[in-house]
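Results of the structural survey
Each chain, written out:
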Amino acid sequence: LCYSIEDNMEPTLQWLQDALSLENTLELSTLVQQMPALFCCSIETNLQPTLEFYIHSFGDNMDIAISTLQANPRFLAASLEKRLKPRLEEAKGAGITINSACITRIAMDTQEKWDTFIALKKV
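Because the structure is a prediction, the values reported are computed rather than measured.

**Topic: the pattern of salt bridges**
Applying the stated criterion across every chain, the model contains two salt bridges. For lysine 85, the salt bridge goes to glutamate 81, with nearest N and O atoms at 2.9 Å. Residue lysine 85 and its partner glutamate 81 are located together in helix H5 (residues 80-93), separated by four residues, close to a single helical turn. What makes lysine 85 partly exposed here is its relative accessible area of 37%. Here arginine 105 makes a salt bridge to aspartate 109, at a shortest N to O gap of 2.8 Å. In this structure arginine 105 comes out as partly exposed when scored by relative accessible area, which is 32%.

Below you can see the structure in the form of structure tokens.
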């Protein structure tokens, strides 16, 4: 990695630990090993807004959002403007219940799988 430890890595690690209520360095280490690309994300423009998206998507239930992100750190790297927000609106428009399974699809499905899922729900 070509990032400054003081300017990038330490603040990102601290933010992840605080924002996701990680209890210890083992949990933090596991999360970063699962998704090292989180170091490429800006806290202000990527991580914090994405965390807020998940909290809001779960009906302002921070506990569910945090446990989901702890289990799936790659969800934090999904594009908020290109993937998460548009798909959430599509799901709502199709009358889909917004729950953990739906949020997982929103964050992880390929575009082809997502389009098929939405098409089946609109029938």
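Once the structure has been displayed, the description carries forward.
**Focus on unusual backbone geometry**
Phi at serine 21 takes a positive value of approximately 50°, unusual for a residue other than glycine. Looking at the element boundaries, serine 21 is found in the loop between helix H1 (5-19) and helix H2 (25-34). Looking at serine 21, the relative accessible area reads 39%, which means it is partly exposed. Backbone geometry at aspartate 60 places phi at a positive 60°, although glycine is not the residue there.

**Here we look at the environment of isoleucine 103**
Tracing the chain through its elements places isoleucine 103 in helix H6 (residues 100-108). Those residues in contact with isoleucine 103 that sit more than four places away from it in its chain are Tyr54, Ser57, Phe58 and Ile98.

**Thoughts on H2**
Taken as a whole, H2 has its buried residues at Leu28, Leu31 and Val32. Along the axis of H2, the buried positions cluster into a sector of 95°, meaning they face one direction only. Counted as exposed and oriented over 90 degrees from the buried face of H2: Leu26 and Gln33. Of the surrounding elements, those touching the buried residues of H2 are H1 and helix H4 (62-71). Sitting at the head of H2, asparagine 24 places a side-chain oxygen 3.0 Å from the backbone nitrogen of leucine 26.

**Observations regarding H6**
Along H6, the residues classified as buried are Cys102, Ile103, Ile106 and Ala107. Looking down the long axis of H6, one finds its buried residues gathered within 130° of arc, a one-sided arrangement. Where H6 is buried, its residues meet helix H3 (43-57), H5 and helix H7 (111-122). The opening residue of H6, the one whose side-chain oxygen lies 3.1 Å from the backbone nitrogen of alanine 101, is asparagine 99.

Thresholds, definitions, all that
Residues numbered from 1 in each chain as written. Predicted model: local features only at pLDDT ≥ 70, side-chain atom pairs only at ≥ 80, totals over all residues. Heavy atoms only, no water. Salt bridge = Lys/Arg side-chain N within 4 Å of Asp/Glu carboxyl O. Helix = DSSP H or I, 4+ residues; strand = E, 2+ residues; numbered from the N terminus. Buried < 20%, exposed > 50% of the residue type's maximum accessible area, 1.4 Å probe, protein only. Contact = heavy atoms within 4.5 Å. Arc of directions from axis to C-beta. Polar contact = N/O pair within 3.5 Å; in protein donor to acceptor, adjacent residues only side chain to side chain.

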